[in-house]
Structure formats: C-alpha cells, structure tokens
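# Coordinate inspection notes
Okay, here's what each chain looks like letter by letter:
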Amino acid sequence: MDNIILIGMPGSGKSTVGVVLAKALGMAFLDVDLLIQQREGALLQSLIDRRGVEAFLDLERDAICALDCRGTVVAPGGSCVCREESIAHMRALGTVVYLKLPLKDVPGRIRNLFSRGIALSPGQTLADLYQYRAPLYERCAHITVPVDGLSLMETVEEVRSRCERCGR
C-alpha cells in the first residue's frame, strides 16, 4: 500500500482513524490541517475569519497539491474536495477513502462548530455543507466506508480490509 487519504465531513473521524490506521499499518500519519496551521502560523478558524472561506480553500488546495509522500495515511480537512486540483492530486497520491457519516450524526460529533476551522460561508449550515460536499466525496473516493455505528477499531479494520481487497 502506498498512501491512504481519508476524506469526509468534519467529525467523520479522519484524524482519529488516521492515527490508529497508520500505527496498525506501520505507516506515517499526516494531518493537513496541522500542516496549514504550521505553514501559516495561525489557527484554521483565524485564517478563515481573516481571509475568508475562498482564500482558505485556496490555501488548503496549495497544501494538498504540495504533498509528496509515500507510505503515509493523510487526513486532509473536510473541505479538501472543494477544489478540483485537490481532488486530482489526492487521487494520484494514493487510495482515497471516504469515511461516510450520515448527516444526522455530524452535529453530535462537532462540539466547537464556530471555532474548529470549518470552511462555512456566512449563513451556511452543516446541512448545506453536507448537501454540497457529499457528492464530491463520492466522486473523489476510490473506496467508501460507511462509519455509522462502527467503533474506532471497527472503522480502522474496515478501511484496512477494503484497501487490501481493492489492491490499491
């Protein structure tokens, strides 16, 4: 297995699953949100507040398109599918796995909606975000793993198993 890129809505478990999956597979782990914060010297929410959503999405695209790694589990932000260049680079970088969480479960997994660094435009709701992004996640992913009702370890095992089965 080369790289595994975990995509999905905020709260779907990309970072949490990513760390455990990387350990289980003996791979490195990379959180793109942390990479952006380090590069920009600011928290994600601060970047969104100061520069706006569109500029933030461009920063995220630039960070994703600059990735050149091997043997790594990558957890990009939930908005990673909002730029075509990001989608193309992630698909070329490795196996893209969509951690599919039903909309009804998203709010319960996000305690800090307005400080977490979620690329929400003014007036946009999580339901709006889900409706816009879900088809993009589906189109970007090589593999979709429904995570509704799965524990962390069950999710990790399901991702590992499906990646092995598809030979990616």
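Structure: see above.
Summarised in this report is the structure supplied together with it. Note that the structure is predicted; figures quoted are calculated from it, not measured.

Quick notes on the rules
- Residues numbered from 1 in each chain as written.
- Predicted model: local features only at pLDDT ≥ 70, side-chain atom pairs only at ≥ 80, totals over all residues.
- Heavy atoms only, no water.
- Helix = DSSP H or I, 4+ residues; strand = E, 2+ residues; numbered from the N terminus.
- Rg over C-alpha atoms; globule rule 2.2 N^0.38 Å.
- Salt bridge = Lys/Arg side-chain N within 4 Å of Asp/Glu carboxyl O.
- Buried < 20%, exposed > 50% of the residue type's maximum accessible area, 1.4 Å probe, protein only.
- Expected span 1.5 Å × (residues − 1).
- Arc of directions from axis to C-beta.
- Contact = heavy atoms within 4.5 Å.
- Pairing = 2+ DSSP bridges.
- Axes fitted to C-alpha atoms, helices over the stretch in contact; angles between N-to-C directions.
- Core = buried A, V, L, I, M, F, W, Y, C linked by side-chain atoms within 4.5 Å.

## A short note on the overall build of the chain
Each helix and strand counted, the chain has eight helices and five strands in total. Reading the chain from its N end, one meets helices and strands in the order β-α-β-α-α-α-β-α-β-α-α-β-α. A compact globule built from 168 residues would reach a C-alpha radius of gyration of about 15 Å, and the chain, at 15 Å, matches this within 12%. For the chain, the spread of C-alpha atoms along the three principal axes comes to 45 × 35 × 25 Å.

## Focus: the pattern of salt bridges
Tallied over the full model, the rule gives 13 salt bridges. The salt bridge partner of R61 is D62, with a shortest N-O separation of 3.1 Å. According to the relative accessible area criterion, D62 is partly exposed, its value standing at 37%. Between K104 and D105 there is a salt bridge, and its shortest N-O distance comes to 3.1 Å. Note on K104: relative accessible area 62%, which makes it exposed.

## Brief notes about helix α1 (residues 14-25)
The end-to-end C-alpha separation of α1 is 16 Å, in line with the 16 Å expected for 12 residues at 1.5 Å each. What α1 keeps buried is the set K14, V17, G18, L21 and A22. Along α1, the residues classed as buried sweep out an arc of 130° about the axis, all on the same side. Turned more than 90 degrees off the buried face of α1, the exposed positions are T16, K23 and A24. Buried positions along α1 lie against β1 (4-7), β2 (28-31), β3 (72-75), β4 (95-100) and α8 (152-166). G26 sits one or two residues past α1 and shows a positive phi near 70°.

## A word on the sheet that holds strand β5 (residues 143-146)
Across the sheet, which stays open at both edges, the five strands sit in the order β2-β3-β1-β4-β5 with parallel pairing between neighbours. Each edge of the open sheet is held by one strand with a lone partner, namely β2 and β5. In this sheet, neighbouring strand axes are inclined to one another by 20° on average, regardless of whether the strands run parallel or antiparallel. Direction of pairing for β1 relative to β3: parallel, over a ladder of two bridges. Looking at the pairing, I4 lines up with V73 of β3. Relative to the sheet, α8 contacts β1, β4 and β5, its axis offset from that of β5 by approximately 155°.

## Things to note about the nonpolar core
Membership of the largest hydrophobic core comes to 55 residues, with the highest contact counts inside it found for L6, I7, V81, M90 and V97. At seven residues, the largest contribution of residues to this core is made by helix α7 (residues 126-140).

## Description of the environment of M153
Here M153 lies in helix α8. As for M153 and V17, which are separated by 136 residues in sequence, their C-alpha atoms are 8.1 Å apart.

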